There are 4 protein chains.
Amino acid sequence: HYSAKGYSSDRIFAPYSVYKGKAAFQLTPCLPTFTKLDSGALVVDRRGSIMMSFVPAVGERKYDWEKRQIFALSATEVGSLIAIGPQDSCEFFHDPSMKSSNAGQVRKSLSIKPHSSGYFVSLTVVNSVLNTKDNFSVPVTTAEFSVMKTACSFALPHIMGWDRLTNQKSSETVSFQPNR
Amino acid sequence: HYSAKGYSSDRIFAPYSVYKGKAAFQLTPCLPTFTKLDSGALVVDRRGSIMMSFVPAVGERKYDWEKRQIFALSATEVGSLIAIGPQDSCEFFHDPSMKSSNAGQVRKSLSIKPHSSGYFVSLTVVNSVLNTKDNFSVPVTTAEFSVMKTACSFALPHIMGWDRLTNQKSSETVSFQPNR
Amino acid sequence: HYSAKGYSSDRIFAPYSVYKGKAAFQLTPCLPTFTKLDSGALVVDRRGSIMMSFVPAVGERKYDWEKRQIFALSATEVGSLIAIGPQDSCEFFHDPSMKSSNAGQVRKSLSIKPHSSGYFVSLTVVNSVLNTKDNFSVPVTTAEFSVMKTACSFALPHIMGWDRLTNQKSSETVSFQPNR
Amino acid sequence: HYSAKGYSSDRIFAPYSVYKGKAAFQLTPCLPTFTKLDSGALVVDRRGSIMMSFVPAVGERKYDWEKRQIFALSATEVGSLIAIGPQDSCEFFHDPSMKSSNAGQVRKSLSIKPHSSGYFVSLTVVNSVLNTKDNFSVPVTTAEFSVMKTACSFALPHIMGWDRLTNQKSSETVSFQPNR
C-alpha cells in the first residue's frame, strides 16, 4: 500500500483552516516515518510534526496558493502552543538549511501573540538570496485557538509515534494462574 | 456496507441526553464524509459536526419528538463550548438556507449562559415564512456540562477527520540501518 | 465470541486499586451493551458506567472480598468527579431497587470530600431490612486522584458509547472530483 | 508474533528525548503484560510504567549510554507528574530490591523541582555495596514539560491496561426490539 518514495498512496486531506481577510493558514498533522532494523524492531526515522501552511489573500475569500509558505511545528513547539496562557506569547525560529552550507540564507519565524479576544498567529520568511520578505498575520479567535489546542493535544502522541507504542498488543504469558 | 445515499447502513445511536422539566436535548457526533480523488487521496467532502436536537416536554418525562429542532455545531463552535469558563456565555447563529434565495427565512440561535450552578442551554428558531418562533431552554448542571466538555473534546478530532490522518499507518522505509 | 447471557467470554481485568489501612477500592470501566434493530442500527441497551468496588481491611494488606459493596458511577456522576476542584466535595445517592416494590430498602451514598492533601472517598450502604450499615472510607492522595480523573476522562466517551460512533468508518461518496 | 520470553519481536522505539548540556533523559511507555486464566479472562500480570532513562554527557551532544540509569514511573507517579502545578515539586523513591534480602543496597530518587521557566528533573542513584553515587540533573523548559504531561496523560490509560478494557467489543443482545 506504500509507494517506493515512502509516502502513503492513499493520503487523506483534512486540514484545520482559518481563513481571514489578509491571509489564511492550515494545520495538518504529519506522522513520523519508521525504519525497520534487522532485529525486526522499528525506530523513528523522520520525526512527525504539525505542518502549518500560510497563504496571502488576493481578493475576497481568494488566496494565492502559489505563494504558500510552510512551517513544521516540532513536538516541543506543539507543547509550547498547547501550554500557552491567555496573556502569553511565544516565537519559534527555523532555518530550512540548518547545518548545511546554505545555513542562514532563509530565516523563518512563527509568533503567537495575544490580542483582546484571541491571538495573532504570524509567519515571517526572510530570504537573503532572493532579497524577499514574506509576512502573514492571521487573527485567531478564542474558539479557533481552542480547536487548535485540542486538535494538537490529540495529535501530539501520534506525531511522537507513541500511538504505535500503545497500539501494539502487549505480550501475554501464561505462567501465572493463581486459581488453579 | 454503505448504502447508495452515502449513509452507513449499520448506524449506531448513543446520544448524550439531558432531560429537564420543560425541554430536553441530545448531543451526538456526526463524522465528516470523504471523497476519493483519482489519485487515490481522500479529501473531506462534508464537514463533521456535533448535532444538537431539542424537544419540548408535553407531560412528565414525555417529549414531543415531532417538534424536534436541530442545530449542528461546527468544529469552531465546539471549540468555543470546550473553552467556556464558569462565568462566560456564548451564542451562535445559523441560517439553514445561507447563500440561497431562501436566506433569512429561518434563523436559529443557540446560547449558553451561566446560572448559579451550571448553564442554561437554549435554542431559538424563528421562521418568518410560517411566522413561528420555537424556544427551548434546558438548565444544565456543572456535572452534565463536564460530560459535554469531555465528550466534545474527545469527538472534536473525529469530526475534523484528524483521527483518519493519525490512524493511517505511516510509511516505512528500509533505507537507514545503522547497525548493519 | 459472546456467551448467551450477553457477557464477553474473554473478559479483561485491569482495575485501578487504592489500598489503604482500613479499606480499599477498585475502579473499572463497564462498557454499554447495544441492541441491534431490524434496520441494522445499534442502540444503547444498558448504559455503561465506572464500577467502584469497596472492601474492608481485615489485617495488614488483607481485605475481605466477601464484604464487597459496589457503586456504579453514571456518565454524569463521572462528569462530576472529573470537574471537582481542590476544595470541592460531591455526594451521589443510589437505590438499587429504585422504581420497584423494594425501593428504599437499601440506600447507598458515595461521597468525595477534600482533606489537607487529597480527598476522602467514602461509601455508606444502609440496608433497612437486614438492619445493617456498612461504611468504607479511603483517603486518596492528590496523585491517586489525578490518576482517577485522567483514567475516568479517558473512559467517559467509551462508557457513553461514543467510541463506537467515531470508530465506524464514515461513508465515502465519489460524486465530487474537482480535479477531473 | 510473540517470542517465548514474553517480549514482542517487533518492538517499536519512539522515546521522547530531552538532551541538555550535562545529561539527557528519555521517556517511553511500557505496556502491562497479561496472563490468561483457565476461564479465558485476562488479568494484568506485570504492571505498565513510563520508563525514564538518564545518561551523562561526555562531550558536546555526546552521551555515555553505558552509564545509563533507569527509573520506572508507576501509574500513581505518572498521576503526580501530570497534576504538578507551576510552583510545585515532587519526589519519588524506589528500591529495586524491595522486599528481597538485598533491600536497601540501592536507593533511587527522582525529583521534579521548579525553576524560573520550567523544572529540574533529577535522578540520584546510591549504591551502598559499590559505594557509588550517580547524579543526573536535566533542566526542562515549560514547552518540554508540556509535551511530557500531554504524552503521559495519553499513555496513562494504556499503562493501566484500560485501553484493553475499552477496545474489546461490548456484548450485543438482540432481546430488545421496540419497533417490532
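Quick caveat: nothing in here was measured; it's all calculated off a predicted structure.

Caption draft 1: Structural detail: the overall build of chain A. The number of helices and strands found in chain A is three helices and 13 strands. Each of the 180 residues in chain A was classed as buried or not, and the buried ones make up 49%. Within chain A, counting contacts between residues at least 6 apart in sequence, those at least 24 apart form 44% of the total. By element, 51% of the accessible surface of chain A is carried by carbon and sulfur atoms, the whole surface being about 9,400 Å².

Caption draft 2: Representation of the packing of helix α1 (residues 75-83) of chain D against helix α2 (residues 142-159) of chain D in the model. All names here are of chain D. Between α1 and α2, the shortest axis-to-axis distance is 9 Å and the interhelical angle comes to 150°. As for how α1 packs across α2, the hand of that crossing is left-handed. In contact with Ala75, Val78, Leu81 and Ile82 of α1, α2 contributes Phe145, Met148, Lys149, Cys152, Ser153, Leu156 and Ile159. The residue makeup of the contact of α1 with α2, split by class, is nine nonpolar, one polar and one charged.

Caption draft 3: Representation of the sheet that holds strand β12 (residues 132-141) of chain A in the model. All names here are of chain A. The four strands lie next to each other as β9-β10-β11-β12, forming an open sheet whose pairing is antiparallel. The open sheet terminates on both sides in strands that have one partner only, identified here as β9 (90-94) and β12. Between one strand axis and the next, the sheet turns through 10° on average, direction left out of account. Two strands pair when backbone bridges link them, and strand β10 (residues 106-115) and strand β11 (residues 118-127) are joined in this way by ten bridges, in the antiparallel orientation. Each bridged residue has a counterpart across the sheet, and for His115 the counterpart in β11 is Gly118.

Caption draft 4: Representation of helix α1 (residues 75-83) of chain B within the structure. With respect to burial, α1 of chain B is a largely interior element, seven of its nine residues being buried. Taken together, the buried positions of α1 of chain B are Ala75, Glu77, Val78, Gly79, Ser80, Leu81 and Ile82 of chain B. Looking at the buried positions of α1 of chain B, the neighbouring elements they touch are α2 (142-159) of chain A together with β6 (49-59), β8 (69-73), β9 (90-94), β10 (106-115) and α2 (142-159) of chain B.

Caption draft 5: Seen up close, the environment of Ser116 of chain D. Mapped onto the fold, Ser116 of chain D is located in the loop between β10 (106-115) and β11 (118-127). With 26 residues separating them in the primary sequence, Ser116 of chain D and Thr142 of chain D have C-alpha atoms 9.7 Å apart.

Caption draft 6: Representation of the environment of Phe34 of chain C within the structure. All names here are of chain C. With respect to the helices and strands, Phe34 occurs in strand β4 (residues 33-36). The exposure class assigned to Phe34 is buried, which follows from its relative accessible area of 1%. Along the sequence, Phe34 and Gly161 sit 127 residues apart, while their C-alpha atoms lie 8.9 Å from each other.

Caption draft 7: Up close: unusual backbone geometry. Notably, Arg61 of chain B is not glycine yet its phi reads approximately 55°, a positive angle. Positive phi, normally seen in glycine, also occurs at Lys99 of chain D, with a value near 70°. Considering the arrangement of structural elements, one finds Lys99 of chain D in the loop between β9 (90-94) and β10. Overall, the relative accessible area of 71% leaves Lys99 of chain D in the exposed class.

Caption draft 8: Seen up close, the side chain of Ser49 of chain D. Tracing the backbone shows Ser49 of chain D in strand β6 (residues 49-59). Look past the residues within four positions of Ser49 of chain D in its chain and what remains in contact with it is Thr28, Pro29, Cys30, Ala72, Leu73 and Ile159 of chain D.

Caption draft 9: Representation of the pairing of strand β3 (residues 23-30) of chain D within the structure. All names here are of chain D. With six of eight residues buried, β3 lies mostly within the body of the structure. Across four bridges, the pairing between strand β2 (residues 16-19) and β3 is antiparallel. Bridge pairing in β3 links Tyr16 to Leu27. The loop that links β2 with its antiparallel partner β3 comprises three residues.

Caption draft 10: Spatial organisation of the packing of aromatic side chains. With the rule as written, the count across this model stands at 16 aromatic pairs over all chains. Judged by centre distance (5.4 Å) and plane angle (35°), the rings of Tyr19 of chain D and Tyr63 of chain D are tilted. Placement of Tyr19 of chain D in strand β2 and of Tyr63 of chain D in strand β7 (residues 62-63) is noted, with a sequence separation of 44 residues between them. Relative to Phe136 of chain D, the ring of Phe54 of chain D has its centre 5.9 Å away and its plane inclined at 40°; by these criteria the two rings are tilted. Here Phe54 of chain D, found in strand β6, pairs with Phe136 of chain D, found in strand β12 (residues 132-141); they are 82 residues apart in sequence, far enough to count as distant. For the pair Phe54 of chain D and Phe136 of chain D, one class covers both residues: buried. Through pairs of rings, three or more aromatic residues link up here, namely Phe25, Phe54 and Phe136 of chain A.

Caption draft 11: Structural view of the confidence of the model for chain A. Residues and elements named next belong to chain A. Residues with a pLDDT of 70 or more make up 87% of chain A, whose mean pLDDT is 87. Within chain A, the lowest mean pLDDT, 42, falls on strand β13 (residues 172-173), and the highest, 98, falls on helix α1 (residues 75-83). Throughout residues 1-9 the model reports pLDDT below 50, and contacts reaching past four residues in sequence, or to other chains, amount to 16 contacts. Per-residue pLDDT stays below 50 along residues 170-180; that stretch engages in 30 contacts with residues further than four places along the chain or on separate chains.

Caption draft 12: Up close: the sheet that holds β9 of chain B. All names here are of chain B. An order of β9-β10-β11-β12 is seen for the four strands of this open sheet, with the pairing classed as antiparallel. Every interior strand has two partners, whereas the edge strands, β9 and β12 (132-141), have only one. Each strand axis lies, on average, 10° off the axis of its neighbour in the sheet, ignoring direction. Its contacts with the sheet put α2 on β10, β11 (118-127) and β12, and the angle it makes with β12 is roughly 100°.

Caption draft 13: Layout of the pattern of salt bridges. Residue and element names in this part refer to chain A. Counted according to the given criterion, the structure contains four salt bridges over all chains. Among the salt bridges present, the one from Glu144 reaches Lys20, with a minimum N-O distance of 2.8 Å. With Glu144 in helix α2 and Lys20 in the loop between β2 (16-19) and β3 (23-30), the pair connects residues that are 124 residues apart, well separated along the chain.

Caption draft 14: Here's a closer look at the environment of Ala23 of chain D. Residues and elements named next belong to chain D. Relative to the helices and strands, Ala23 resides in strand β3. The exposure class assigned to Ala23 is buried, which follows from its relative accessible area of 2%. Note: C-alpha distance between Ala23 and Asp64 (41 residues apart in sequence) is 9.3 Å. Ignoring any residue separated from it by four or fewer positions in sequence, one finds Ala23 in contact with Val18, Val55, Pro56, Ala57, Tyr63, Phe136, Ser137 and Val138.

Quick notes on the rules
Residues numbered from 1 in each chain as written. Chains lettered and ligands numbered in written order. Predicted model: local features only at pLDDT ≥ 70, side-chain atom pairs only at ≥ 80, totals over all residues. Heavy atoms only, no water. Helix = DSSP H or I, 4+ residues; strand = E, 2+ residues; numbered from the N terminus. Buried < 20%, exposed > 50% of the residue type's maximum accessible area, 1.4 Å probe, protein only. Contact = heavy atoms within 4.5 Å. Areas by Shrake-Rupley, 256 points an atom, 1.4 Å probe, with all protein chains shown as cover. Axes fitted to C-alpha atoms, helices over the stretch in contact; angles between N-to-C directions. Left-handed = near helix turned anticlockwise from the far one by under 90°. Nonpolar A, V, L, I, M, F, W, Y, C, P; charged D, E, K, R; others polar. Pairing = 2+ DSSP bridges. Phe/Tyr/Trp six-rings, centres within 6.5 Å; stacked < 30°, edge-to-face > 60°. pLDDT = per-residue confidence, 0-100. Salt bridge = Lys/Arg side-chain N within 4 Å of Asp/Glu carboxyl O.

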